[in-house]
Amino acid sequence: MPLLPGLSMTNAVQDLLRGDMVSGVTHAARAVMIAAMLAGGALIGTHMSSWMGLADSPLTSPDTLPFDLRTAGVLLASSLLAGGGFGALLYAPRKAIIWGGLLGSAGYLCYWAAMECGAAETAAMFIGALVAALGAQIAARRLKMIATVFVTIAILPLVPGVGLYRAMSALATGDMMAGASIAAHTMALILMIALGIGLGTALVGADRGAKH
């Protein structure tokens, strides 16, 4: 999970929406290359373990988590640790790590709650990204810091990097239909994140302009 290039693909979509074609294509190519290397390394490692006689024990997990306070607490803590951990890896300031992690937890909980209420995953992803982006913009203005730092940390729990990896893994094993389907779904989720960030930034900017 720490190696997945979801953030690079999200940045690529944002750059393309802003019209920065060179940066967008560069970020996208980098993300695809990393995902391809991850898929290749995982496949080689799996085959090597089979050759060495190690038993396979695939893990299974439910598609949805139960809607209760205990699950919400687990998701809150895990998304907070994920956002804060990646913020530390990005050498973000301490204040940004703390607030960005909290905002990432809030965004992910909104995404999860929307899914539990029956919303499509793309719509739920947009809602989560919008909440995270709005909070990041407000925190940046209150703490007098660059908004990009907060936005980057806040959306990290939402970024579907594992989908990009699974798409490349399916393509590497020759399952073209599954790979294309997973890739299309992942790109739709990334597009929703980019749109949520853009709308959140625009709303805060419009409110600030109205006050002036």
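The sections below set out a description of the structure shown in this document. Computed from a prediction, not measured in an experiment: that's the story for all the values here. (Residues numbered from 1 in each chain as written. Predicted model: local features only at pLDDT ≥ 70, side-chain atom pairs only at ≥ 80, totals over all residues. Heavy atoms only, no water.)

1. A few points about the side chain of aspartate 15
- Summarising the element assignment, aspartate 15 is placed in helix 1 (residues 6-18).
- Exposure remark for aspartate 15: the relative accessible area of 6% places this residue in the buried category.
- Apart from the residues within four sequence positions on either side, aspartate 15 is in contact with Asp20, Ser23, Gly24 and His27. (Helix = DSSP H or I, 4+ residues; strand = E, 2+ residues; numbered from the N terminus. Buried < 20%, exposed > 50% of the residue type's maximum accessible area, 1.4 Å probe, protein only. Contact = heavy atoms within 4.5 Å.)

2. Structural notes on the environment of alanine 77
- Here alanine 77 lies in helix 3 (residues 69-89).
- What makes alanine 77 partly exposed here is its relative accessible area of 39%.

3. A look at the layout of surface pockets
- Taken as a whole, the second largest pocket spans an internal volume of roughly 220 Å³.
- The wall of the second largest pocket is formed by 13 residues, among which Asn11, Gln14, Thr148, Val151 and Thr152 lie closest to the centre.
- The residue makeup of the lining of the second largest pocket, split by class, is 5 nonpolar, 6 polar and 2 charged. (1 Å grid on protein atoms, 1.4 Å probe; cavity = no way out; pocket = protein on both sides within 12 Å on 5 of 7 lines; lining within 4 Å. Points joined across faces, edges and corners; volume = space filled by probe spheres on them. Nonpolar A, V, L, I, M, F, W, Y, C, P; charged D, E, K, R; others polar.)

4. Remarks on the packing of helix 4 (residues 94-116) against helix 6 (residues 147-155)
- Helix 6 packs onto helix 4 with a crossing angle of 45° between their chain directions and a minimal axis gap of 7 Å. Between helix 4 and helix 6, the angle falls in the class oblique. In terms of crossing hand, the pair formed by helix 4 and helix 6 is right-handed. For the pair helix 4 and helix 6, contact is made by Lys95, Ala96, Ile97, Trp99, Gly100, Gly101, Leu103 and Gly104 and by Val149, Phe150, Ile153 and Ala154, respectively.
- Here the residues of the contact of helix 4 with helix 6 are counted per class, giving 8 nonpolar, 3 polar and 1 charged. (Axes fitted to C-alpha atoms, helices over the stretch in contact; angles between N-to-C directions. Parallel < 35°, antiparallel > 145°, perpendicular 65-115°, else oblique. Left-handed = near helix turned anticlockwise from the far one by under 90°.)

5. Structural notes on the environment of glycine 24
- Tracing the backbone through its elements, the reader meets glycine 24 in helix 2 (residues 21-51).
- As a C-alpha pair, glycine 24 and asparagine 11 span 13 residues in sequence and 7.1 Å in three-dimensional space.

6. Some remarks on the packing of helix 1 against helix 2
- The contact between helix 1 and helix 2 brings their axes to 8 Å, and the two run at 160°. Here helix 1 is positioned roughly antiparallel relative to helix 2, judged by the angle of their axes. Note on packing geometry: the crossing formed by helix 1 with helix 2 is left-handed. Together, Ser8, Met9, Asn11, Ala12, Asp15 and Leu16 of helix 1 and Met21, Ser23, Gly24, Val25, His27, Ala28, Arg30, Ala31 and Val32 of helix 2 make up the contact between the two elements.
- Considered class by class, the residues forming the contact of helix 1 with helix 2 number 8 nonpolar, 5 polar and 2 charged.

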